[in-house]
Amino acid sequence: MPTPVSRRSFLLSTGGLAAATGLPAALFHGAASAAADGKTLTIAYNLPLPTWDPTAGASAANPAVQSIYKAVFDTYIDQNPDLSFRPGMLTKWGWNKDRTKIELEVRAGAKWHDGSPVTADDVAWSLERAGDPKSGNPIQFLWGKIGNFKVSGQKVTADVKEFEPALFKWMAFLTAYVLPRKAFTAAGAGWEDKPVGSGPYMVEKTERNAYVRLKAFPGYWGPKPAFETVIFKFVPDATSRVAELESGGSDLTLEIPFEEYNRLTQTKGFGGVTTPVSDIGMIFISNREPLLDENVRLAMIQSVDKKAIVDKLLLGFGVPIDTLQAPQYAAFDKTIRTKYDPEGAKALLARSGYSAANPVKFTIQTTRGMKAKDYEMIQAIVGMWRKVGIEASIEVYEIARHFELRARHELAPAAFYNWGNAIGDPSTSTGFAMFSHSPHSAWKTEDVDAKIGPLWGEKDETKRILGYRAVDKYIADKGLVLPLLQYVQPVVFRKGLKFTPHIAGFVLPQNVTRA
Amino acid sequence: MFFLKRLLLALPTLFGVAVVVFVLLRVVPGDPIAMMIPPGASQADVQNLRAAYGLDQPIPVQFGRWLSEVARGEFGTSISLREDVMKLVAGRLPATLELCAVAMVVAVILGIAAGVVAVRWKGRWPEWLADGLSGLGLAIPDFLWGLLGILVLGVLWPLLPVSGRIDPRIEFDPGSRFFLLAAVVSGRFDVLAELLRHMVLPALALAIPLAAALARVVKGSLAEAMTQDYVLVARAKGYSRSRVILRVALRNALIPAITLTGVQFTFLVGGTVLVETIFSFPGIGNLAIGAVLQRDLPLIQGLVLVFAVLFIAINLCVDATYVALDPRVRRP
Amino acid sequence: MRVSPKLGFGLGVYLGLVLLAFGAHWIAPHDPLEQDLLNTFAPPAWRDGGTSTFWLGTDSLGRDILSRLIHGSRVAVTVALIAATCAGILGTVLGLCAGYFGGWVDTVVSRIVDVWMAFPPVLLSIVLAAVLGAGLHTVVIAIVVIDWTRFCRVVRAEVMVQKSRDYVTSALTIGLSPWRILTGEVVPNVVPLLITLFTLEMGIAIVVEAVLSFAGLSVANDDATWGSMIQEGRQFVRQAWWLMVAPMVCIVLSVLAANALGDGLRERFDPLLRRERP
């Protein structure tokens, strides 16, 4: 099918002409030689890629960079856009009867980008490395629950050292990438320049903090992607990402202000998709003064008008939530509700002796610009609190600082965070966020532990899910966390493209096609 | 000789810089190790990491070790980017140097032009315009010029790219990190145009404050030169005012301008920290902000030191130029 | 006394700023923190749909921009006055000591100044702010730590010139103590210079506050500062460019005024100085 010549590509090619004829003329016309040939997809991405090792360092646990990893590497198990699971590098997986062993079958015929075949040994080595504390894997504690790998043909078996109900779900998520044993060990520090994966795209060029250029891998085992070349251009500033798209410098971008999304899609003729993603905005409550007072906590929760925030501030791009489960998650329970009741909040505060004239005071920490309107949202909440008698002072921090403070249990009494949970399991939302021995929790008390503890090893799935619902109810009644909303991810692209969104929020180049 | 002496004098300064950098960053609240540990790591793991980064030693020992490493050009590994600091800096420095060079050329041209215009049309509207513009140029800091540039030429009237250094779709293998230089050498003028397009706004943002300061100095010294005898003689010979200014007076008015350019150039280099960030320009300034916000100690130390060395080098060059132009300085 | 236009402009703007800062509570038409999510991005009065209730419109949370600008002047004035004063005192004391006593005191101070001059000021202030944690005190400390050298260098040079003058030599010969000479003879002669430097420093301080706010390292609350308003407005340049431009105008105006004030004062004092010199 011939590609219609758009006005933009016409302008671009005349720009190229101008460059050939004269430098000054080229200065004020579009990009030089890179005419829109239809074979390249440029994505203006919101975060720079920190490293090409998708299994190590704190950033490996950042759901937001996984799109790039997923274009280059294969996960053990893959996820459909609706979060259901499908074969990845593994074609079969499962427990034995008494759940003391796991059995995996590795895909035959898959190749690494250097041409060598992917073997069962690579898979076993990758899993073993993930479980090794020295590898720096941020969720090593989970991978360490299996060990003693045995390889025979395409089969890998391992012993279960400690039962983990969500193990196979994790095999589709963070740090669950198969790496080439030989190439990785041989490369050493040179890995960053020339990483080798088995995914649909291979790395052609890495310009740190500027862009990465990927080329389609002809030996990929799955369907051939629509674009020969994919460029992830790192543009952390939302305004600049919009400018990138509008000027034709990029074909697709994400995480832009919702006002811009509306303007671009409604008046500028850009295509757009908004999907609720598996990412929620929440405020951690720490078990420290003055929030040890249940009245204060419940008042905090009841005085926040989540609906107004979603409707007015996020222009409707969000779904208010009352537990740490978004509607698509396994343990979502729509009967658990916290109400918006500012008068009730005032009464609660009055019981503890606080009022608008004599407010309870604490600090709330927030990121700024990490998520669309995060800082505005906190400002709005602080304004709502102020009216009922809560005086919160805002402290802005970087997300890295949040991780650091959270790991040391030193977050401020209230701390805003966005919690990604692409596998939708309650253990990775309520479990990790509320269990005191988890390094990710902020409220650490024995009553909650007693309720979550037994669920970690619960082998009956129905009982496990019901158990988590009960925990969520308890947490909501006691006011131990303030869930705000499920995010909606805006993705905008130029005319002539089609993008399939992924509920995990991944913007996968292999999911972009020509319309 | 003079130069050698200045070079030796720069050594204690460098040492002082190293001490300040070290002290400043040892008092950072927050433990860099805490950011590196995987959740669930044991206390022993944390201890091992501390030992690996030498953070378990007494402070003077840490300093001595650090200094000897720095002297050998080893700044350690960046915590947030997991790469050798020296390699990171070396990869980014050329972009910043090219940007600064372009900005300086722009500043010198704009500054001298404004100064000359103000003197040539003294007492008429061009003088007031030049004065007004240089006043604004001095009052608006570089990063606000950058934002204004984005607003006007990126948003309201989108003519120029507002982020990055080069369009990644362009097939171009520069062979080094000096893209601009490589484009000129290899005769790729389309690439050159592309590189310059990306540089226009950030370079202008950096250049305008310097240009404004230059305009003032050029105007002042030019006005003074115009009252000197040799200029009056040239005028009496019937040369036009413009010709006298450009051919005679300007040459003599340039010494203070060059000195000022040197001094102000350090400010321009310092300005890259914000301007590069605003324009996502992949230089060391951009890297620095990221490093500070991520509390990436080794990277911050490396970058601050590199900036300091740059500053000292610029000042040395200024001194040298000054001596070359004005031999009187050499006298004690 | 005739007041030059520059001096008049500078003085006028600064007096106005101080008035605004002190009277913000009475002058501002609205509470700068009062949000109204139903009335966000209201346009300024002169644009379609604008009302005189919000002269400059409202921001992304429905807060009145004019009131936020007025309250933002409090931060600007506070930072400008306190930081410039502290930097001035620190720099002057060190400069006086170095210039007057010379010898090893001078060597030490000059070395420190050299080291300080080798740091990029913006980077140093951001590193400092990250070390100290966000807040108004951080902004002030960062400015003082970085900018004392300006005062120090100038004062030192000036003191050295004054010291070689006859009146100091004669004061020494009649047996006045160094302290008396410093405070009684030298200081009054460097005061005009200091005033000029001080006014310039106020402008610089306002810019540094904006830089740190911009990097998210100044006052973090929903309190209004000009720098944070620029940062917030930047996201909406397409929908409401005035959000970013209004605080920019305030900053530029303040710096212009500081420069004009400095220039005006220099012009006023210079002839006096010249007359006193032999």
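Residues numbered from 1 in each chain as written. Chains lettered and ligands numbered in written order. Predicted model: local features only at pLDDT ≥ 70, side-chain atom pairs only at ≥ 80, totals over all residues.

1. Examining the overall build of chain B
Then step 1. The helix and strand tally for chain B stands at 13 helices and zero strands.
Then step 2. Within chain B, the proportion of its 332 residues that are buried is 47%.
Then step 3. Counting contacts in chain B only where the partners sit at least 6 residues apart, residues at least 24 apart contribute 73% of the total. (Helix = DSSP H or I, 4+ residues; strand = E, 2+ residues; numbered from the N terminus. Buried ≥ 20, exposed ≤ 12 C-beta atoms within 10 Å, placed from the backbone. Contact = placed C-beta atoms within 7 Å.)

2. Quick word on the overall build of chain C
Then step 1. Check the secondary structure of chain C and you find 10 helices and zero strands.
Then step 2. Summarising its shape, the C-alpha atoms of chain C cover approximately 75 × 45 × 30 Å along the three principal directions.
Then step 3. Expressed as a percentage of the 278 residues in chain C, the buried residues total 52%.
Then step 4. Restricting the contact set of chain C to residue pairs at least 6 apart, pairs at least 24 apart contribute 72%.

3. Regarding helix α3 (residues 65-101) of chain C
Residues and elements named next belong to chain C.
Then step 1. Its 37 residues give α3 an end-to-end C-alpha distance of 52 Å, which sits within 8% of 54 Å, the value for a rise of 1.5 Å per residue.
Then step 2. Most of α3 sits out of view: 27 of its 37 residues are buried.
Then step 3. Once α3 finishes, G102 follows within two positions and takes phi at roughly 60°, a positive value. (Expected span 1.5 Å × (residues − 1).)

4. A short note on helix α5 (residues 121-132) of chain C
Residues and elements named next belong to chain C.
Then step 1. For α5, which comprises 12 residues, the first-to-last C-alpha distance of 16 Å matches the rise-based estimate of 16 Å (1.5 Å per residue) to within 8%.
Then step 2. With respect to burial, α5 is a largely interior element, 11 of its 12 residues being buried.
Then step 3. Those residues of α5 not exposed but buried are P121, V122, L123, L124, S125, I126, V127, L128, A129, A130 and V131.
Then step 4. After α5 finishes, the residue G133 shows a positive phi value of roughly 90°.

5. Some thoughts on the packing of helix α6 (residues 125-139) of chain B against helix α9 (residues 189-225) of chain B
All names here are of chain B.
Then step 1. Between α6 and α9, whose axes approach to 8 Å, the crossing angle comes to 135°. One element, α6, and the other, α9, form an angle in the oblique class. The handedness of the crossing between α6 and α9 comes out as left-handed. Residue-level contacts link A130, S134, G137 and L138 of α6 to I208, P209, A211, A212, A213, A215 and R216 of α9.
Then step 2. Taken together, the residues of the contact of α6 with α9 sort by class into eight nonpolar, two polar and one charged. (Axes fitted to C-alpha atoms, helices over the stretch in contact; angles between N-to-C directions. Parallel < 35°, antiparallel > 145°, perpendicular 65-115°, else oblique. Left-handed = near helix turned anticlockwise from the far one by under 90°. Nonpolar A, V, L, I, M, F, W, Y, C, P; charged D, E, K, R; others polar.)

6. Observations concerning the sheet that holds strand β5 (residues 101-106) of chain A
Residues and elements named next belong to chain A.
Then step 1. Read across the open sheet, the four strands follow the order β4-β5-β7-β6; overall the sheet is antiparallel. In the strand order of this sheet, the two ends are held by β4 (90-95) and β6 (146-152), each with one partner. Within this sheet the neighbouring strands show an average axis-to-axis angle of 15°, counted without direction.
Then step 2. The pairing of β6 with strand β7 (residues 155-160) spans five bridges and is antiparallel. Looking across to β7, one finds that S152 is bridged to K155. (Pairing = 2+ DSSP bridges.)

7. A short note on the pairing of β4(A)
All names here are of chain A.
Then step 1. In the sheet, β4 pairs with β5 via five bridges, with the strands oriented antiparallel. From the neighbouring strand, G94 faces β5, where its bridge partner is E103.
Then step 2. The antiparallel hairpin formed by β4 and β5 contains five residues in its connecting segment, where R99 sits at a positive phi of about 60°.

8. Quick look at the confidence of the model for chain C
Low pLDDT means the predicted atomic positions in that stretch should not be read closely.
Residue and element names in this part refer to chain C.
Then step 1. For chain C, the mean per-residue pLDDT works out to 83, and 95% of the residues sit at or above 70.
Then step 2. Mean pLDDT across the elements of chain C bottoms out in helix α7 (residues 166-173) (75) and peaks in α3 (90).
Then step 3. Taken as a whole, residues 272-278 scores under 50 in pLDDT and shows one contact with residues more than four places along the chain or in a different chain.
Then step 4. Both scores are given for the predicted complex: the pTM is 0.80, the ipTM 0.84. (pLDDT = per-residue confidence, 0-100.)

9. Remarks on the confidence of the model for chain B
Then step 1. Overall, the prediction assigns chain B a mean pLDDT of 80, with 89% of residues at 70 or greater.
Then step 2. Here helix α2 (residues 32-36) of chain B stands out as the least confident element of chain B, with mean pLDDT 56; helix α5 (residues 85-120) of chain B is the most confident, with 89.

10. Remarks on the pairing of strand β15 (residues 390-396) of chain A
Residues and elements named next belong to chain A.
Then step 1. Only one face of β15 is covered, namely the face carrying I390, A392, I394 and V396; the face carrying E391, S393 and E395 is uncovered.
Then step 2. Sheet topology note: the strand β14 (residues 360-366)/β15 ladder contains seven bridges and is parallel. Paired with I364 across the two strands is I394, which belongs to β15.
Then step 3. In this view, the connection linking β14 to its parallel neighbour β15 by way of helix α13 (residues 374-388) has right-handed handedness. (Right-handed = clockwise from strand over helix to strand, strands pointing away.)

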